[in-house]
Amino acid sequence: MPAVSKGDGMRGLAVFISDIRNCKSKEAEIKRINKELANIRSKFKGDKALDGYSKKKYVCKLLFIFLLGHDIDFGHMEAVNLLSSNKYTEKQIGYLFISVLVNSNSELIRLINNAIKNDLASRNPTFMCLALHCIANVGSREMGEAFAADIPRILVAG
């Protein structure tokens, strides 16, 4: 069990990472990952709506699993939903997931572009920075066309 103090954030994520690190074999790691994927899938498909913290935690776990080299075939919509949050940490995780896992051919690009457009128009410099960072990382043709007029204006306005 990792040493996680009360203010450190996502305890479930820290425990999951610790469990993965403590696996003695690749088979044990895969078994633990599959168990977690089943849990996350059931939480996302459950009847009751998840709060922002839970979505953020599960999206982080999916991102960690992807970075370990496993395919992720769900959770993209939950990450897009995090982009509409007013909390920085939730929005940050949503943008991180989008930047790493979403390719330019995704059907979610329109939804992502709308969320980015809202953040660029928000006049919140932190949210604007997250949106600009995502545009730079994804760099799709659709994003380039959608924000070609906005980005120079924002950069010049400071």
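Here the structure is shown first, and the text comes after it.
To start, this report covers the structure provided alongside it. (Residues numbered from 1 in each chain as written. Predicted model: local features only at pLDDT ≥ 70, side-chain atom pairs only at ≥ 80, totals over all residues. Heavy atoms only, no water.)

## Remarks on the environment of Ile 98
Tracing the chain through its elements places Ile 98 in helix α5 (residues 88-101). Separated by 16 residues in the primary sequence, Ile 98 and Asn 114 have C-alpha atoms spaced 13 Å apart. For Ile 98, the contacting residues outside a window of four places in its chain are Ala 79, Val 80, Leu 83, Ile 112, Cys 134 and Val 138. (Helix = DSSP H or I, 4+ residues; strand = E, 2+ residues; numbered from the N terminus. Contact = heavy atoms within 4.5 Å.)

## Points about the packing of aromatic side chains
Across all of its chains, the model carries three aromatic pairs by this definition. Look at Phe 44 and Tyr 58: their rings are 6.1 Å apart centre to centre, the planes differ by 85 degrees, and that puts the pair in the edge-to-face class. Here Tyr 58 lies in helix α3 (residues 52-67) and Phe 44 lies in helix α2 (residues 26-45), a separation of 14 residues in the sequence. Per residue, the accessibility class of Phe 44 equals that of Tyr 58, and both read buried. Aromatic ring contacts, followed pair by pair, group Phe 44, Tyr 58 and Phe 74 into a single cluster. The ring of Phe 127 has Lys 91 lying over it, and the distance from NZ or CZ to the ring centre is 4.6 Å. (Phe/Tyr/Trp six-rings, centres within 6.5 Å; stacked < 30°, edge-to-face > 60°. Buried < 20%, exposed > 50% of the residue type's maximum accessible area, 1.4 Å probe, protein only. Lys NZ or Arg CZ within 6 Å of the ring centre and 35° of its normal.)

## Structural notes on the side chain of Ser 99
Considering the arrangement of structural elements, one finds Ser 99 in helix α5. Ser 99 gets classed as buried once you look at its relative accessible area, which sits at 18%. When neighbours within four sequence positions are excluded, Ser 99 is seen to be in contact with Cys 134, Asn 137 and Val 138.

Any link to function would need more than the numbers given here.
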